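Summary of structural features
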Amino acid sequence: MADVAPVVLNDEILEWPKNDKRRFLHVVYHVVDLDRSIKFYTEAFGMTLLRKRDVPKDKYSSAVLGFGLEESTFVVELIQNGVENYDIGTGFGHFGISTTDIYQLVETIRAKGGKITQEAGAAEGTTAVVAFVQDLDGYEFELFQRDATPEPLCQVMFHVVDLDRSIEFYEKALGMNHIVTIDRPEEKDTIAMLGYGDDPNQIAILELIYNYDVTEYTKGNAYSHIAISTDDVYKSAEVVKLVSQELGGKIIRQPGPFRGTNTKITAFEDPEGWKTVLIDNQDFLKGLEE
């Protein structure tokens, strides 16, 4: 039977996320043809295939790819489960990739069959050079021209209806730092950046975007979740439960070992239904060794 953390007073348990050892581990989403996506992600984006597995009994295959090792960098996990067409929905926005040569990366993506939805150039009103591209399944990626960074896979962005509530949830439930909020009247939206650190150019961030007067988004069945590390899934789940009572959201998997493994996890949805999985730090590293 799994060990259960002792009961802690609410005021104390709510301090846990800020003291916990957390980072973005991976982001999980579905693709139609896993081998095709592996080829594109390695040849077009320049990622490395870190591991691949087939699970016939559960009728799915997965691959983990990234710009560095899973032990230290944010990576992607692609899932193929026989579905011939996925709906990305209107709520999911894009992923972000930082590069030291955005123009060359755009040309490589173009040559490998990716779609360029916005050519590289200075973002309006700034000196930042960005581009937007799509992979072979239609997922959008924003490319950023930057100096070398420890987290080249640098962003996950999705839409929310209540930005203030979402910021408060991720601060309280997950211990993220609210780095900045930027209102863009010309774009009729407001964006907020959150993460485990203060410099959005050096860490992986969650970007939330609120579009003026939009009250509903669809989530589709393509994007799945972000996985984040924790030193104690039981304490972390207790915090999420308490914060959800105030702001909304819910636990969708109680803390404990994942089926067939010794890795302890818990999973929840935020107030708007976006999913996060928290994974025990030591169990995660042991699993990679195995």
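What counts, and at which threshold
- Residues numbered from 1 in each chain as written.
- Predicted model: local features only at pLDDT ≥ 70, side-chain atom pairs only at ≥ 80, totals over all residues.
- Heavy atoms only, no water.
- Buried < 20%, exposed > 50% of the residue type's maximum accessible area, 1.4 Å probe, protein only.
- Helix = DSSP H or I, 4+ residues; strand = E, 2+ residues; numbered from the N terminus.
- Pairing = 2+ DSSP bridges.
- Salt bridge = Lys/Arg side-chain N within 4 Å of Asp/Glu carboxyl O.
- Axes fitted to C-alpha atoms, helices over the stretch in contact; angles between N-to-C directions.
- Parallel < 35°, antiparallel > 145°, perpendicular 65-115°, else oblique.
- Left-handed = near helix turned anticlockwise from the far one by under 90°.
- Contact = heavy atoms within 4.5 Å.
- Nonpolar A, V, L, I, M, F, W, Y, C, P; charged D, E, K, R; others polar.
- Expected span 1.5 Å × (residues − 1).
- Phe/Tyr/Trp six-rings, centres within 6.5 Å; stacked < 30°, edge-to-face > 60°.
- Lys NZ or Arg CZ within 6 Å of the ring centre and 35° of its normal.

Before going further, it helps to examine the pairing of strand β1 (residues 24-30). Taking burial as the measure, the 7 residues of β1 include 7 buried ones, the bulk of the element. By the bridge criterion, 5 bridges tie β1 to strand β4 (residues 75-80) in an arrangement that is parallel. By the bridge assignment, Val 28 is partnered in β4 with Glu 77.

All right, on to unusual backbone geometry then. With a phi angle near 55°, Lys 188 is a residue other than glycine that sits in the positive phi range. As for its position among the elements, Lys 188 is in the loop between β10 (177-184) and β11 (189-195). Looking at Lys 188, the relative accessible area reads 56%, which means it is exposed.

For the coordinates displayed, the defined rule picks out 14 salt bridges. The closest approach of N and O atoms between Asp 283 and Lys 264, which form a salt bridge, is 2.9 Å. With Asp 283 in helix α7 (residues 281-289) and Lys 264 in strand β15 (residues 264-269), this residue pair connects regions lying 19 residues apart in the sequence. Here Lys 264 falls in the partly exposed class, since its relative accessible area comes to 22%.

Where helix α5 (residues 163-174) contacts helix α6 (residues 233-247), the axes come no closer than 9 Å and their chain directions differ by 155°. Between α5 and α6, the crossing angle belongs to the class labelled roughly antiparallel. Pair α5 / α6 crosses with right-handed handedness. Contacts between α5 and α6 involve Arg 165, Glu 168, Phe 169, Lys 172 and Ala 173 from the first element and Val 239, Val 240, Val 243, Ser 244, Glu 246 and Leu 247 from the second. Broken down by class, the residue content of the contact of α5 with α6 amounts to 6 nonpolar, 1 polar and 4 charged.

Taken together, the 8 strands give an open sheet; going across it, the order is β6-β7-β8-β5-β9-β12-β11-β10, and neighbouring strands pair in mixed fashion. Each end of this open sheet is capped by a strand with a single partner; those strands are β6 (115-122) and β10. Neighbour-to-neighbour, the strand axes of the sheet open up by a mean angle of 20°, direction not taken into account. By the bridge criterion, 7 bridges tie β10 to β11 in an arrangement that is antiparallel. Its bridge partner lying in β11, His 178 is registered against Leu 194. Packing of helix α4 (residues 102-111) onto the sheet brings it into contact with β5 (92-99), β6, β7 (129-134) and β8 (140-145), and relative to β6 it is tilted by some 170°.

Between its first and last C-alpha atoms helix α3 (residues 34-45) spans 15 Å; for 12 residues at 1.5 Å apiece the expected length is 16 Å, and the two agree. Within α3 the residues assigned to the buried category are Leu 34, Ser 37, Ile 38, Phe 40, Tyr 41, Ala 44 and Phe 45. One or two residues past the end of α3 sits Gly 46, with phi positive at roughly 85°.

Scanning the model with the defined rule gives 20 aromatic pairs in all. When the ring of Phe 40 is compared with that of Phe 45, the centres are 5.3 Å apart and the planes differ by 75°; the resulting orientation is edge-to-face. Through successive ring pairs, a cluster of aromatic residues spans Tyr 29, Phe 40, Tyr 41, Phe 45, Phe 92, Phe 95, Tyr 139, Phe 141, Phe 158, Tyr 223 and Trp 274. For the cation-ring pair, Arg 146 lies above Phe 144, with the distance from its terminal atom to the ring centre recorded as 4.4 Å. When the ring centre of Trp 274 is taken as reference, the NZ or CZ atom of Lys 219 above it lies at 4.9 Å.

In this structure, Gly 197 sits in the loop between β11 and β12 (205-211). Owing to a relative accessible area of 16%, Gly 197 belongs among the buried residues under this scheme. Linking Gly 197 and Val 64, residues 133 residues apart in sequence, is a C-alpha distance of 24 Å. Apart from residues lying up to four places away in sequence, Gly 197 is in contact with Asn 177, Ile 179 and Ile 203.

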